[in-house]
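One-letter residues, chain by chain:
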Amino acid sequence: MITLEMMPPLMFGGLVLSMLIGFPVAFTLASIGLLFGFLSIHLGFFDLNFLQAIPGRVFGSVLSNELLLAIPFFTFMGAILERCGLAEDMLDSMGQLFGPIRGGLGYSVIIVGFILGAITGTVAAQVIAMAMISMPVMIRYGYNIRYITGVLAASGTITQLVPPSLVLIVLADQLGKSVGDMYLGAWGPSIFQILLFAGYTFLLSIFKSSHVPAVPKTALTLTGWPLWRKCLLGIIPSAVLIFVVLGTMMLGLATPTEAGAMGAVGAIVLAAMHHKEFSDIGHKILIVGVIACGIGTMIGIFFTEGILFKIAFAITYFAVVWICLEAVRIPDLRGLIKQGYETTMRITTMVVFILIGSTCFSVVFLGVSGGVWLEHMLTTLPGGVWGFLIFINLFIFFLAFFLDFFEIAFIILPMVAPIAQKILAPVVGPDAALIWFGVMLCVNMQTSFMHPPFGFALFYLRGVAPKEVKSSDIYWGALPWVGLQVIMVALVIAFPWTVTALLDKPSNVDPNKVRIDIPQIELAPLDFGEPPKFK
């Protein structure tokens, strides 16, 4: 006879077994949830009315969730930017800028990976594009092949952590926190991880200089101001787009969905700017639009928003529309936009179906007291808070061998988030607890793209690498960088301030001790005499 206490571990074991067989995750979640739901009804654990919560949560928490509307916008933005030629220009200019120093090409790949991560938010095509551009150049100048494969894969996966990462949006939704706070919490670990990658390259340049040799100055095609000009032409538009997307969101000027929509339009503008068929009239209109935007911004900051403010931004909007029309006119960009739509449709549909499946599973799991079972198991771990964090991170690290980050976020987080809030609140406060926990898991889930033999970034590299690059070189090359990512997880666990430093400080005011004094206003005495007589 199956008891109520046996249902949660049976559900969890059935889920793991079904996924190991290879059945699609979205349908696995839904089928396991409904199967155990009907079994629970048969055994009398709850009645059929309980399952009415499933359509209610699907329509209320998934299809009506405005935050999830940001996912297609950021996906489209990434799909456009990763194929528009921006990566090629930045890698070429950065490579020539840093190339003459030992490890210079590695530094350029790390920096460009960080910048692209901040404007694309996707991994697959970024790893492929950077590998196709940088790998032949690094091989030509004698870089160690294992270093090449490792730095390319690791620099591509940093986009999972750097805002506006799709992972952070999903984590914010599942943890019930704001996307802006999740982005603020992720900046510290993002920068520290880049420093770790650069530090590893620096140590190699000292102790194994033959692995990361300098590029001969005779091989450079640009020097001086032309080189700096090319670097700035790649960095400045990217920085503007980063501010439009992230700055407006963090300043409270736009919601994540509005910021994503501006990013999608900005991606089309950047793609048109970098295309060789962009017309001279388009360049002039672009300059006029930038000047008008600057004037309108200054008026909005220092003066009242009057007619000049409206005229300036009307000119800016006209320039944006003109450039978008030019992008549609160019056949290459028209095809690129079409591919972006298709990519966005596939990813968005996948996310929605996984969410619907996870809703079916989680409703039934909670109905058979799965939350109580999980809380008892996690709160009785030895080591208290640190034992809980170590166990959860090892568990996520293991799951990342087999599951995508979407699947981990939608299956595991809803179950462990309430427990994490209760356990971690005494360490960093109730407001920052889930932000710290979410960013920590985001750093951990980067390894899902890197660790052999299942890391998707390694598969992407294998697909574009020359025949002389062995699969063993790709796997062995990834291990040091996985180690650096694990070190970053340990640093986030040991030093919560790496996440919480930029967050708003919690108020220390005790509401029970607040006293409101309302001054008494003396009124003239009321006259209750006889009313006046009117003739």
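**Some thoughts on the packing of aromatic side chains**
Part 1: The tally for this structure, following the rule as stated, stands at 16 aromatic pairs.
Part 2: Aromatic pair Phe-76 and Tyr-341: ring centres 5.1 Å apart, planes at 20°, arrangement stacked. You can see Phe-76 sitting in helix H4 (residues 70-81) and its partner Tyr-341 sitting in helix H15 (residues 331-367), a full 265 residues away along the chain.
Part 3: With relative accessibility at 7%, the residue Phe-76 sits in the buried group.
Part 4: Of the residues examined, Tyr-341 reaches a relative accessible area of 54% and is grouped as exposed.
Part 5: Between Phe-192 and Trp-497, the aromatic rings sit 6.0 Å apart at their centres with planes inclined by 75°, giving edge-to-face as the arrangement. One end of the pair, Phe-192, is in helix H10 (residues 179-207); the other, Trp-497, is in helix H23 (residues 497-500), with 305 residues separating them in the sequence.
Part 6: Taking the relative accessible area as the measure of exposure, Trp-497 reaches 49% and is therefore partly exposed.
Part 7: One aromatic cluster in this structure is built from Tyr-143, Tyr-147, Phe-197, Tyr-200 and Trp-481.

**Some remarks on the nonpolar core**
Generally speaking, a soluble globular protein has its nonpolar side chains buried in company with each other.
Part 1: By size, the foremost hydrophobic cluster in this structure holds 159 residues, and its most contacted members are Phe-388, Leu-424 and Phe-437.
Part 2: Leave out the neighbours within four places in its chain, and Phe-437 touches Phe-388, Leu-389, Ile-392, Leu-413, Val-416, Ala-420 and Leu-424.

**Looking at the pattern of salt bridges**
Part 1: Within the structure shown, the criterion is met by three salt bridges.
Part 2: The shortest N-O distance in the salt bridge between Asp-473 and Arg-146 comes to 3.3 Å. Pair noted here: Asp-473 is in helix H22 (residues 471-494) and Arg-146 is in helix H8 (residues 145-157), with a separation of 327 residues, a long-range link.

**Observations regarding the environment of Ile-158**
Part 1: Here Ile-158 lies in the loop between H8 and helix H9 (166-175).
Part 2: For the pair formed by Ile-158 and Ala-118, sequence separation is 40 residues and the distance between their alpha carbons is 9.2 Å.
Part 3: Those residues in contact with Ile-158, other than ones at most four positions away along the chain, are Gly-113, Phe-114, Ser-190, Gln-193, Ile-194 and Gln-446.

**Focus on a nonpolar patch on the surface**
Part 1: There is a patch of nonpolar side chains on the surface, built from Ile-191, Phe-192, Leu-195, Phe-495 and Trp-497 and spanning about 500 Å² of accessible area.
Part 2: It is H10 that provides the largest number of residues to the nonpolar patch, a total of three residues.
Part 3: Of note, Leu-195 is situated in helix H10.

**Some remarks on the state of the cysteines**
Part 1: Scanning the model with the defined rule gives zero disulfides in all.
Part 2: Cys-293 takes part in no disulfide bond, and the closest cysteine sulfur to it belongs to Cys-324, at a distance of 14 Å.
Part 3: Exposure remark for Cys-293: the relative accessible area of 28% places this residue in the partly exposed category.

**Observations concerning helix H12 (residues 256-273)**
Part 1: Between its first and last C-alpha, H12 extends 25 Å over 18 residues, near the 26 Å set by a 1.5 Å rise per residue.
Part 2: Among the 18 residues that make up H12, 13 are buried, leaving the element largely enclosed by the rest of the structure.

**What about the environment of Phe-36?**
Part 1: On the secondary structure map, Phe-36 appears in helix H2 (residues 25-43).
Part 2: Residue classification places Phe-36 among the buried residues on the basis of a relative accessible area of 11%.
Part 3: With residues near it in sequence (within four places) discarded, Phe-36 still touches Met-7, Leu-10, Met-11 and Val-364.

**So, the side chain of Asp-173**
Part 1: By secondary structure assignment, the location of Asp-173 is in helix H9.
Part 2: A polar atom in the side chain of Asp-173 sits 3.0 Å from the side chain of Gln-174.
Part 3: The residues contacting Asp-173, other than those within four sequence positions of it, are Asn-65, Leu-67 and Leu-68.

**A closer look at the packing of helix H20 (residues 433-445) against H22**
Part 1: For the pair H20 and H22, interaxial distance at closest approach is 9 Å and the crossing angle is 170°. Comparing their axes, H22 and H20 come out roughly antiparallel. Across the interface between the two elements, Trp-436, Met-440, Val-443 and Asn-444 from H20 touch Gln-485, Met-488, Val-489, Val-492 and Ile-493 from H22.
Part 2: In terms of residue class, the contact of H20 with H22 is built from seven nonpolar, two polar and no charged.

**Topic: H15**
Part 1: Spanning 37 residues, H15 covers 54 Å between terminal C-alpha atoms, matching the ideal 54 Å at 1.5 Å per step.
Part 2: Residue Ser-369 follows H15 closely and has a positive phi angle near 65°.

**Remarks on the packing of helix H1 (residues 7-21) against H15**
Part 1: Running from N to C, H1 and H15 point in directions that differ by 155°, and their axes come no closer than 9 Å. As the angle between them shows, H1 and H15 are arranged roughly antiparallel. In terms of crossing hand, the pair formed by H1 and H15 is left-handed. Residues Pro-8, Met-11 and Leu-15 of H1 touch H15, and the partners they reach there are Phe-361, Val-364 and Phe-365.
Part 2: Taken together, the residues of the contact of H1 with H15 break down into six nonpolar, no polar and no charged.

Basis of the calculations
Residues numbered from 1 in each chain as written. Predicted model: local features only at pLDDT ≥ 70, side-chain atom pairs only at ≥ 80, totals over all residues. Heavy atoms only, no water. Phe/Tyr/Trp six-rings, centres within 6.5 Å; stacked < 30°, edge-to-face > 60°. Helix = DSSP H or I, 4+ residues; strand = E, 2+ residues; numbered from the N terminus. Buried < 20%, exposed > 50% of the residue type's maximum accessible area, 1.4 Å probe, protein only. Core = buried A, V, L, I, M, F, W, Y, C linked by side-chain atoms within 4.5 Å. Contact = heavy atoms within 4.5 Å. Salt bridge = Lys/Arg side-chain N within 4 Å of Asp/Glu carboxyl O. Patch = residues over 30% accessible without salt bridge, like charges linked within 9 Å, V, L, I, M, F, W, Y side chains within 5 Å. Areas by Shrake-Rupley, 256 points an atom, 1.4 Å probe, with all protein chains shown as cover. Disulfide = S-S within 2.5 Å. Expected span 1.5 Å × (residues − 1). Polar contact = N/O pair within 3.5 Å; in protein donor to acceptor, adjacent residues only side chain to side chain. Axes fitted to C-alpha atoms, helices over the stretch in contact; angles between N-to-C directions. Parallel < 35°, antiparallel > 145°, perpendicular 65-115°, else oblique. Nonpolar A, V, L, I, M, F, W, Y, C, P; charged D, E, K, R; others polar. Left-handed = near helix turned anticlockwise from the far one by under 90°.

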